Amino acid sequence: MAEKNMAANPQLAIDLLKELRSLTGDDNGAQRLAWTPTWLQTREWFLGKLKQLPVEHHYDAAGNSWTTLRGASEKTLILGSHLDSVPNGGWLDGCLGVIAAYTVLKNICEEYNGKPPITVRLVDWADEEGARFGRSLFGSSAFAGTHSIEADRVRMDANGIKLEDALRQCGYNIDAIDDAKVERAGAAAYLELHIEQGPVLEKMGLPLAAVLGTKGVERHAITFHGQEAHSGSTPMQQRHDALAAAAKLALEIYSIAGKHKDAVCTIGSVKTYPGIVTAVVGRCECTLDQRDLDAGVLAEMYDEAQAKSRQFAEEHGCSVKWSRIWNIEPVPFHPELIALAEEAIRETTGTAHRMPSGPLHDAAEVARLGIPTVMMFVQSLRGISHNKIEDTREEHLLQAVTAFNRLAKKTIAWIEA
Ligand SMILES: [Zn+2]
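The text that follows walks through the structure, step by step, so that each part is easy to find.

What counts as what
- Residues numbered from 1 in each chain as written.
- Predicted model: local features only at pLDDT ≥ 70, side-chain atom pairs only at ≥ 80, totals over all residues.
- Heavy atoms only, no water.
- Salt bridge = Lys/Arg side-chain N within 4 Å of Asp/Glu carboxyl O.
- Helix = DSSP H or I, 4+ residues; strand = E, 2+ residues; numbered from the N terminus.
- Buried < 20%, exposed > 50% of the residue type's maximum accessible area, 1.4 Å probe, protein only.
- Phe/Tyr/Trp six-rings, centres within 6.5 Å; stacked < 30°, edge-to-face > 60°.
- Lys NZ or Arg CZ within 6 Å of the ring centre and 35° of its normal.
- 1 Å grid on protein atoms, 1.4 Å probe; cavity = no way out; pocket = protein on both sides within 12 Å on 5 of 7 lines; lining within 4 Å.
- Points joined across faces, edges and corners; volume = space filled by probe spheres on them.
- Nonpolar A, V, L, I, M, F, W, Y, C, P; charged D, E, K, R; others polar.
- Disulfide = S-S within 2.5 Å.
- Donors = N, O, S within 2.8 Å, 3.2 Å for Na, K, Ca; no water.
- Expected span 1.5 Å × (residues − 1).
- Polar contact = N/O pair within 3.5 Å; in protein donor to acceptor, adjacent residues only side chain to side chain.
- Contact = heavy atoms within 4.5 Å.
- Core = buried A, V, L, I, M, F, W, Y, C linked by side-chain atoms within 4.5 Å.
- Pairing = 2+ DSSP bridges.
- Axes fitted to C-alpha atoms, helices over the stretch in contact; angles between N-to-C directions.

### As for the pattern of salt bridges
Opposite charge on two side chains permits pairing when their charged atoms draw close. The full count for this structure, using the stated rule, is 29 salt bridges. With a closest N to O distance of 3.8 Å, Glu164 and Arg168 form a salt bridge. Highlighted residues: Glu164 and Arg168, both in helix α6 (residues 163-169), separated by four residues, approximately one helical turn. The class of Glu164 is buried, set by a relative accessible area of 16%. One network of salt bridges, in which partners are shared, links Glu150, Arg153, Glu164, Asp165, Arg168 and Asp175.

### Some remarks on the packing of aromatic side chains
Within a pair of aromatic rings, the relevant descriptors are the distance that separates the centres and the angle that separates the planes. A full pass over the atoms with the stated rule returns nine aromatic pairs. Cluster of aromatic residues (ring-pair linked, three or more members): Trp35, Trp39, Phe138 and Tyr172. Over the face of the ring belonging to Tyr273 we find Arg283, whose NZ or CZ atom lies 4.0 Å from the ring centre. Here the guanidinium or amino end of Arg324 rests over the ring plane of Tyr302, the centre of that ring lying 5.7 Å away.

### Thoughts on the layout of surface pockets
Empty space within the largest pocket amounts to approximately 530 Å³. At the level of elements, β9 (216-225), β14 (319-328) and α11 (362-368) are the ones that each hand at least two residues to the lining of the largest pocket. Looking at the lining of the largest pocket, the element that brings in the most residues is β14, giving three residues. A class-by-class count of the residues in the lining of the largest pocket yields seven nonpolar, nine polar and nine charged.

### Thoughts on the state of the cysteines
Scanning all chains against the criterion turns up zero disulfides. The thiol sulfur of Cys284 is not disulfide-bonded, and the nearest other cysteine sulfur, from Cys286, lies at 5.2 Å.

### Considering the coordination of the zinc ion
Here the zinc ion is held by His82 (NE2), Asp93 (OD) and His194 (NE2), and the distances to it run 2.0 to 2.2 Å. Expressed as a motif, the donor residue spacing for the zinc ion is H-x10-D-x100-H. With a gap of 101 residues between them, Asp93 in the loop between β5 (73-81) and α3 (95-111) and His194 in strand β7 (residues 187-195) connect regions that are remote in the sequence.

### Observations concerning α3
Spanning 17 residues, α3 covers 24 Å between terminal C-alpha atoms, matching the ideal 24 Å at 1.5 Å per step. Judged by how many residues are buried, α3 sits mostly within the fold: 15 of 17 residues are covered. Taken from the residues just after α3, Asn113 is the one with a positive phi, measuring 50 degrees.

### Points about the side chain of Arg43
Locating Arg43 in the fold gives a position in helix α2 (residues 37-50). On the accessibility criterion, Arg43 (4% relative accessible area) is buried. At a separation of 3.1 Å, a polar atom in the side chain of Arg43 contacts the main-chain carbonyl oxygen of Asp124. With residues near it in sequence (within four places) discarded, Arg43 still touches Tyr59, Gly63, Asn64, Ser65, Asp124, Trp125, Ala126 and Tyr172.

### Brief notes about the nonpolar core
In this structure, Phe46, Leu77, Leu79, Met376, Phe404 and Leu407 are the most contacted members of the largest nonpolar core, which totals 76 residues. Here Leu79 is in contact with Ala101, Val104, Val120, Arg121, Leu122, Val123, Tyr190, Leu191, Phe404 and Ala408, once residues within four sequence places are set aside. One finds Ala245, Ile253, Cys265 and Phe312 within the second-largest nonpolar core, a separate group that totals 26 residues.

### Things to note about the sheet that holds β14
Taken in spatial order, the four strands line up as β11-β13-β9-β14 in an open sheet, and their pairing is antiparallel. The open sheet has two edge strands, β11 (264-273) and β14, and neither has a second partner. Between one strand axis and the next, the sheet turns by 15 degrees as a mean value, whatever way the strands run. Bridge count between β9 and β14: nine bridges; the pairing is antiparallel. Among the inter-strand pairings, His220 is bridged to a residue of β14, identified as Arg324. Strands in contact with helix α8 (residues 242-258) are β9, β11 and β13 (283-292); relative to β11, the strand with the most contacts, it is inclined by about 175 degrees.

Here's what the structure looks like:
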């Protein structure tokens, strides 16, 4: 494969990220919450950078920001991520991907004198985080057609402002967000660089990984019903202790998940009733979140957790009820693009690793449409994200931008072929 290999300018990406941090962050971290003045200011700043390139720009009906470099063919490579952040967020989540895509786009403009063989677009998805209205992946799900206007319309932020009204204040009409679908035209591949947001790569001592896909999620509320009873008068053998059953399940999930390489299970909330020091727990409500990239593994873990919960309930003279809170299928990325990402990483760092993503990303919405998609992860220090201490070593950021640029070039050749 003949591959042009003019270098992107990775240092420029770091300089821009620092500029953005000082413009939109404070002592508590990044404040680029979607649909707020700081977010709009972020986008204005970005628009100023884009104006230096021979590109077209517009915002679509759902607020996604599209920058287009027209090529000889209408077949389109899309590079993207999100500029919005959670409140008191980190300096890299989302904007690393957008700024890296910008430096790659700039590099492609220079390399092909403004006319690449295929069209290249950069997207900054609107409201990936969902931090204000509780609706993650807002813009990318409008693009994918997996949103619900009726459900979104009534969402409110902590101050009682409706999503519908916040959109209007930014110049968007919630009834029109479906029109973002037109942006799919020509899409031949989607690439996204993101920080890992977990501790796996740091533990392995690796800077980068090709991402296999986003894990599916099964999320359930589980309630154990026993019998409230006096803590002094009820002998241990005669109790119907709902917490004892729940506690066994809380430990059992370690062996349920432990049978599968990348599976995770979490009991994140446990509430006891009556919840006083002098009563045996009569009712215990907990939540279970299970994730894996393989739908079969996910189903197996769900069945096993259910069976174990019934067994533990019985052992403690209780009953158990399950109700689904939410679920999503696993979204595997494109095998050929995963291979290209791995190649780009190996050429940049000497080694490559493959891993699934636990968190959801805009890339999952794009991949669900059938558009060939892959992501690249760069190591997160201490595995911390959504926090002002979120960080990545500068040498790893430089490698990430270089590898992402390589991946973009390889993907252009792949689309052309
Ligand atoms: Zn993100």
